[in-house]
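Observations on the model geometry
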Amino acid sequence: MWIIKGLRKGVITSDYPKKVSDDELSPSFPLKAPAECPFGAVEDGKFDLKRCISCRLCSVPFGRKLDVDEVTNPLNFKRSLHVFFLDVGTCHACNREVAQLHSPYYDVHRLGIFFTPTPKHADVLLVAGCPTDGMIPVLKEAYELMPEPKRVLVLGACSSGALCERKVEDFVPVDGYVAGCPPNPVQIIRGLLKMAGRDVE
Amino acid sequence: MFIEYAIGAFILGGLLGFIRDYKSAVKASSFMAFLGSLLLLGEVYNVYTNGPVKVNLYGLPLNVTDVSAVFLLIIGIVGTAVSLYAISYMDIFERTGKGWVYAIAYNTFLASMALVVTVDSMEYFVVSWELMTLSSFILVFFSERKRDVNASAKYYITMHFLDTIPLFLALGTAYSLVGSFDKLSFENIGSALMTAPAHTKIVFGGLLLIAFMTKSGITPFQFWVAETYRAAPSSVSAVMAGAMEKVALYGLIALVWKLVGTTYSLGLLVALLGAITLTVGTLYALRETNAKRLLAYHSVGQMGYIWLGIGIGMALIPKGGALGAIGALGAFAGLFHALNHAIFKSSLFLSAGAVEYRTGTVELNELGGLGKHMKWTALAALFASLAISGVPPFNGFISKWLIYVSGYQSGNLLLAFGAVLAALISAATLASFVKFYGTQFGGEMERYEEVREVPGTMIAGQWILAGLTLLIGIFPGTVTGVLNVFNAPVEGNLYKIGFKSVLFSPVLFVILLGVLVFGFYLALKPSYGKEAKPWDCGSTQIDEDEYRINAEGYYIKYERKIDGFYRFGDWFYAVGAAIIHYIVRGYIWMASYFVKIVDTPYTKVESVADLRKSEVLYGDEEALKPLVRFLRIACDVLPGIRLGTFVVLALITVGVVIGILMAL
């Protein structure tokens, strides 16, 4: 009885992707734009999203709170997505954000996104971190084991080469990234939905 | 006339064991056993064409009847294949075993089995039976490992209490009936039993029934089977499972049924024992992870099938008429299954031995991926596995089917229930053999990349039997002539298997199956993608051989569901083991009065291991000890005696002895 009542009433925790409340996004402090970004995200007046770590020292990403991803080669699924998350050397910040995806608040299952225990079942390899010596062969092996069609989505600034010399692109072909250090769960969901070929807006 | 030569070949094989070199002794004696077994098959052909013969074998009265011929056929086929196999197989015991022990014991074992099923006298039957038990006991501890020695001691003590004592009591009963040891032929005992009072019959039959139940591992007495077959060398296990258990069946038919006579209730008892045994044995086999123990429990289970078939015959044949025909069909099916079981069970033991020969283990949890490297062994094991599970067109299917049919149509609730149970348990057999085959030959393991195929004689031994499973399955007419001793209503080639059943032609079945399989292969040709490693989360420490379901995990969920059954059985096993343990203690207590530990005199002797650990002095040795000591002292007192002096002294001694003799 209670179950039916609860189901009928429905408790919506997050409206995303229908709409995004400001609470779900990271707060920002709109200061004036610095002449030179300490992380090299602004060069010659051009803004390089990959290098931005959302340090909130400037107002540059302010207007792009949500739009921090770029998917160059999306899958044409338009349906559910199976994701294998691989940590190749993070500070564990990205892992905590990814772990939030399973929480009752974000609950990616409602969107048809599933995390698999092995790359053999996955469509998308979600990579976080700066590749370390020990994890480079594992990263390659995981990419080898994935069935076609397969895509790689990288998370955070370090895996796309903003903070360290190595980047994931050097070892496996990358098809999209979500910027931020770490990216917000909502931003990750957005990147995954884009990767599945589902138009968010 | 073949049987004399066969026994002669076995005797010669035993004598060949006195060659000093282990390998040549074993090979020569195995070859003689092979020839002897072939001669036994010749005797079967002789009896089949010319009818029963009476032979006087070096004073032993033999009567090779049609029932004996069936069992000689079983012993002959198993002996031929296994002896051929043993020529190469016994090499693995070169370090521990003694060639002459094997040669004498193995040949005696085969010869005594051939004698048990042919002698025409109760006393010689008992003597041959004891010879069979003794020689198999010697073969069981052939590897001389501690666990094997314990197993063989328990086997022998079990046989002593449940086989020897009842048989000797039965012999005494027969003597009291006939009144003379010279006239103890089966015919005389039979005619004496006709007029004997009912309780004498019950005592005689009951004693014999206990003895034969023990030897064939029927349920309350099945505890010795698994550990004994595990301990014995695989070729010996094959003979024990294939032939020795069937000898007990001969006893059931020739002594209990033919001499004491049968009643409806006795038949029901035998069938009930069979039905219980087939359930217990097969369900126990399901949880085993040691290949030889698994096969041993299956041989218990398959003996249950055979006893069920014979029991249907014993119950229904006295009724006559239509029911009698069904009973004859059941008894025929039991005998047929005995032959089939001998063939496929020996084949399975031989393939387990082949795996042991190359990898050194029969533990299924540690095996895998051998199919690629041992193709012929794998295919033979597959044939035999399908045969034991009753899959057409192999031989196990036909005999099992006949047992089901005769059980369903018997008109008795108990027999019909037994047949239903048998059909159900057949599926458990298949499940168990999926495990047996899959864990040994399926998958791949890096540990066994270097394994090669076994030598030619071993493959030949396996393939004689594996080929026969298919041959008899497709052309059952080849053996039904020999087997049909109960005049069962079977047609020559068994096209119409069973009684009032639908038409089933094994030949047509094989052709249809072949066409279907070939067609499916062409239509759905398997395509192979790229090879991929298993995902190990990037670990470098885990052995890749461990990435699989091992034998323990195959049916663990189902085993938990019948956990109560296993615990009940284990409780019984514990009680029985305790009884045997205390009997062994009793024997050792007696032995300690005849044996003196030499180096530390007051050591307490509590187990067989204590006796084996230290140097011991037997009672007779102690009696001769003063003489030995005197001779040693004499040697010390007369040091450096010259040859000339010795000759003179010897001549004087001889002269004195001759003089004394002359004077007397």
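Residues numbered from 1 in each chain as written. Chains lettered and ligands numbered in written order. Predicted model: local features only at pLDDT ≥ 70, side-chain atom pairs only at ≥ 80, totals over all residues.

Quick look at the nonpolar core
In terms of nonpolar packing, the biggest core is built from 202 residues, with B:Ile74, B:Met113, B:Ala114 and B:Phe332 touching the most fellow members. The greatest single-element share of this core, amounting to 21 residues, is contributed by helix H13 (residues 321–359) of chain B. Residues in contact with B:Phe332, not counting those within four places in the same chain, are B:Leu402, B:Leu483, B:Asn484, B:Phe486, B:Ala488 and B:Val490. Ranked by size, the runner-up nonpolar core spans 49 residues in total, among them A:Val88, A:Leu126, A:Leu139 and A:Ile188. (Core = buried A, V, L, I, M, F, W, Y, C linked by C-beta atoms within 7 Å. Buried ≥ 20, exposed ≤ 12 C-beta atoms within 10 Å, placed from the backbone. Helix = DSSP H or I, 4+ residues; strand = E, 2+ residues; numbered from the N terminus. Contact = placed C-beta atoms within 7 Å.)

Considerations on the domain arrangement of chain B
Along its sequence, chain B is organised into domain 1 (264–525), domain 2 (562–614) and domain 3 (617–664). Listed by partner, the interface residues are 4 residues for domain 2 of chain B and 4 residues for domain 3 of chain B. (Domains from an automatic or database assignment.)

As for the sheet that holds strand E4 (residues 81–87) of chain A
All names here are of chain A. With mixed pairing, 6 strands are arranged side by side in an open sheet as E3-E8-E7-E6-E4-E5. For this open sheet the edge positions go to strand E3 (69–71) and strand E5 (113–115), each flanked by a neighbour on one side alone. Between one strand axis and the next, the sheet turns by 25° as a mean value, whatever way the strands run. Direction of pairing for E4 relative to E5: parallel, over a ladder of 3 bridges. Each residue of the ladder has a partner; that of His-82, found in E5, is Phe-114. (Pairing = 2+ DSSP bridges. Axes fitted to C-alpha atoms, helices over the stretch in contact; angles between N-to-C directions.)

Considerations on helix H7 (residues 186–195) of chain B
Residues and elements named next belong to chain B. Of the positions making up H7, those classed as buried are Phe-186, Ile-189 and Leu-193. Projected down its long axis, H7 shows its buried positions confined to an angular sector of 60°, all on one face. Residues Glu-187, Met-194 and Thr-195 are exposed on H7 and point more than 90 degrees away from its buried face. Buried residues along H7 sit against helix H5 (122–140), helix H6 (146–178), helix H8 (198–216) and helix H10 (234–260). (Arc of directions from axis to C-beta.)

Digging into the pairing of strand E6 (residues 124–128) of chain A
All names here are of chain A. Among the 5 residues in E6, 5 count as buried, and that is most of the element. By the bridge criterion, 5 bridges tie E4 to E6 in an arrangement that is parallel. Paired with Phe-84 across the two strands is Leu-125, which belongs to E6. Sheet analysis places E6 next to strand E7 (residues 151–155), joined by 5 bridges and oriented parallel.

A few points about helix H5 (residues 185–195) of chain A
Residues lying three or four places apart along an α-helix face the same way, a consequence of the helix completing one turn every 3.6 residues. All names here are of chain A. With respect to burial, H5 is a largely interior element, 10 of its 11 residues being buried. Turning to H5, its buried residues number three or more, namely Pro-185, Val-186, Gln-187, Ile-188, Ile-189, Arg-190, Gly-191, Leu-192, Leu-193 and Met-195. At the exit of H5 stands Gly-197, carrying a positive phi of roughly 80°.

Things to note about the pairing of strand E1 (residues 53–57) of chain B
Every other side chain in a regular strand lies on the same face of the sheet, so the side chains alternate between the two faces. All names here are of chain B. By the bridge criterion, 5 bridges tie E1 to strand E2 (residues 60–64) in an arrangement that is antiparallel. Residue pairing in the sheet places Asn-56 in a bridge with Pro-61 of E2. Counting the residues between successive antiparallel strands, the hairpin from E1 to E2 contains 2 residues, one of them, Tyr-58, with a positive phi of roughly 45°.

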